[in-house]
Amino acid sequence: MKLILSALSIFILTSGFSQYLQFSEGLTGKYKSDQFKESINVMAPGEGSDEVEKEELFRVIYKKKNVDDQEYIFRQLKGSQNGEWYTSSNNKAFIRFTLKKDGQVIAEFGNDPNYDQIIDPFRVFNYSGKVATNELVKFNGVSNKDQINGNVGGVQSRESCEQEKVKLKEYFIDNDEVDVYETKGQRLYVIPQIYGDHETFKGILVKFDADGSNEKITHKVDIWYQPNKDEYGCAFQIFKCGQKTQLEKYTVLFNEDKSMITLNGNGFKKVDK
């Protein structure tokens with residue numbers, strides 16, 4: 001249920017932490033970034049145009065001196081796919097709106113450089129003029145990072161974590177069907193699956209002692225091939241009991257015959273199990 005921010009709730013929010021906002025008419029207008037001498041204009045559907053695209057929620061015009069204006073159309077999505085972030089129709093731009101604790105409304109542009117759906121803010125635009133605070137709508141959903149990292153339930157209990165550790169060992173380390181890649185001090189255990197042009201590798205990353213023993217699971221691993229980009233995306237989730245789960249950024253590259261995989265520049269060679 002949408003919560004319209006009253007004057008009282010505005011005071012609570014501005015005296016506490018920053019609050020993500022859902023898009024509403026109150027967020028339309030001009031935003032500026034003095035640092036990079038650029039601006040964006042957030043417009044309601046049909047504003048500044050004779051046509052409204054299907055399911056258009058709002059559009060953004062990006063402006064910078066000596067650069068052609070860029071237009072992004074943001075559409076209403078069914079369900080919450082990106083948490084507090086909105087995605088443009090061409091999937092090349094992300095934006096979110098935030099009410100800061102000092103009462104300033106900002107718009108942040110972001111991108112997803114590792115294709116793991118954890119979006120990084122890279123531009124901040126400050127709202128120009130007075131915000132219509134009575135039209136702001138508080139975002140009450142699960143944030144992007146919590147949604148992707150699985151933090152909705154908070155910290156995993158020690159008991160359930162130890163149980164999961166046993167299952168991961170049985171499913172990957174003790175599985176004769178698994179592929180093993182190794183470099184100094186680390187092993188990657190993955191089970192490949194192919195669905196037409198789509199290819200996935202699910203597994204774990206472990207550290208081990210100099211003699212090859214005492215394996216410790218450090219990450220749960222999900223790697224997938226993206227045929228439209230001709231490259232691999234991945235999610236490396238840190239596995240540590242007693243802490244909230246979080247992703248660590250990795251770059252992935254396979255050689256042609258899959259005998260070598262490179263993770264963050266480190267080569268892992270395929271070995272016999």
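As a reminder, the structure under discussion sits directly above these lines.
Here is a short report on the structure shown in this document. Going along each chain's sequence as written, the residues are numbered from 1 onward. Selection of residues for local features in this predicted model requires a pLDDT of at least 70, selection of side-chain atom pairs for listing and counting requires 80 or more, and totals for whole chains, interfaces and linings are taken over all residues. The basis for the side-chain values is all heavy atoms of the structure; hydrogens and waters are excluded.

## Topic: the overall build of the protein
Put simply, the rule is: Numbering goes from the N terminus for both helices and strands, where a helix is a DSSP run of H or I of at least four residues and a strand is a run of E of at least two. Exposure is judged per residue with a 1.4 Å probe applied to protein chains only, and the accessible area is read against the type maximum: over 50% gives exposed, under 20% gives buried, and values in between give partly exposed. Should any heavy atoms of two residues lie within 4.5 Å, those residues are counted as being in contact. Computed with the Shrake-Rupley method and a 1.4 Å probe, the accessible areas treat only the protein chains shown as cover for residues.
Broken down by element type, the protein carries 3 helices and 20 strands. Across the 273 residues of the protein, 42% fall into the buried class. Residue pairs at least 24 apart in sequence account for 47% of intrachain contacts in the protein once pairs closer than 6 positions are excluded. Accessible surface for the protein amounts to roughly 16,000 Å². Of this, 48% is attributable to carbon and sulfur atoms.

## Details of the side chain of Ser24
When you line up the elements, Ser24 lands in the loop between strand E2 (19–22) and strand E3 (29–33). Those residues in contact with Ser24, other than ones at most four positions away along the chain, are Glu135, Leu136 and Val137.

## What about the environment of Leu168?
By the secondary structure assignment, Leu168 is in helix H3 (residues 158–173). Residues Leu168 and Ile217 lie 49 residues apart in sequence; the distance between their C-alpha atoms is 8.6 Å. Apart from the residues within four sequence positions on either side, Leu168 is in contact with Ile173, Ile204, Ile217, Lys220 and Phe239.

## So, the nonpolar core
The cut-off we apply is this: Working definition of a nonpolar core: buried Ala, Val, Leu, Ile, Met, Phe, Trp, Tyr and Cys residues. They are joined through side-chain atoms within 4.5 Å.
If you look at the biggest cluster of nonpolar residues, it comprises 24 residues, and the most contacted ones within it are Tyr31, Ile40, Phe58, Ile95 and Phe97. Taken together, the elements giving at least two residues each to this core come down to strand E4 (38–43), strand E5 (56–64), strand E6 (67–75), strand E8 (94–99), strand E9 (105–111) and strand E10 (120–127). Looking at which element gives the most residues to this core, the answer is E5, with 4 residues. For Tyr31, the residues in contact, after removing those within four places along its chain, are Ser39, Ile40, Val42, Phe97, Val105, Ile106, Ala107, Phe125, Asn126, Tyr127 and Ser128.

## Focus on the side chain of Glu108
Selection rule: Polar contact criterion, stated in full: a pair of N or O atoms within 3.5 Å, where within protein one must be able to donate a hydrogen and the other to accept it, and residues adjacent in sequence count only if both atoms are side-chain atoms.
Its place among the elements puts Glu108 in strand E9. At 2.8 Å, the side chain of Glu108 forms a polar contact with the side chain of Arg96. Not counting chain neighbours up to four residues away, the residues in contact with Glu108 comprise Trp85, Phe94, Ile95, Arg96, Thr98, Pro121, Arg123 and Val124.

## A word on the environment of Asn175
Its place among the elements puts Asn175 in the loop between H3 and strand E12 (179–183). Along the backbone, Asn175 and Tyr189 are 14 residues apart, and their C-alpha atoms lie at a distance of 9.4 Å. Those residues in contact with Asn175 that sit more than four places away from it in its chain are Glu170, Ile191 and Lys273.

## Describing the packing of aromatic side chains
Our working rule: Planes of paired rings set the category: under 30 degrees apart is stacked, over 60 is edge-to-face and the rest tilted, where pairs are Phe, Tyr or Trp rings (Trp by its six-membered ring) whose centres lie within 6.5 Å.
Scanning the entire structure with this criterion turns up 16 aromatic pairs. Between Phe201 and Phe254 the ring centres are 4.7 Å apart and the planes differ by 25°, which places this aromatic pair in the stacked class. Taken together, the positions of Phe201 in strand E14 (residues 198–207) and Phe254 in strand E18 (residues 252–254) put the pair 53 residues apart, joining distant regions of the chain. With respect to class, Phe201 is no different from Phe254; both count as buried.

## Some points on the pairing of E10
Note the following rule: Strand pairing is assigned whenever DSSP identifies at least 2 bridges connecting the two strands.
Note that E3 and E10 share 2 bridges and pair antiparallel. Note that in E10 the partner of Lys32 across the bridge is Asn126.

## Brief notes about the pattern of salt bridges
For side chains bearing opposite charge, pairing can occur when the charged atoms are close. Condition: We define a salt bridge as a side-chain nitrogen of Lys or Arg found within 4 Å of a carboxyl oxygen belonging to Asp or Glu.
This model, assessed by the stated rule, comprises 16 salt bridges. Across the salt bridge formed by Arg59 and Glu71, the nearest N and O atoms sit 3.0 Å from each other. In this pair, Arg59 sits in strand E5 while Glu71 sits in strand E6, placing the two residues 12 residues apart along the sequence. The partner of Asp174 in a salt bridge is Lys169, and the shortest N-O contact between them spans 3.2 Å. In this structure Asp174 comes out as partly exposed when scored by relative accessible area, which is 44%.

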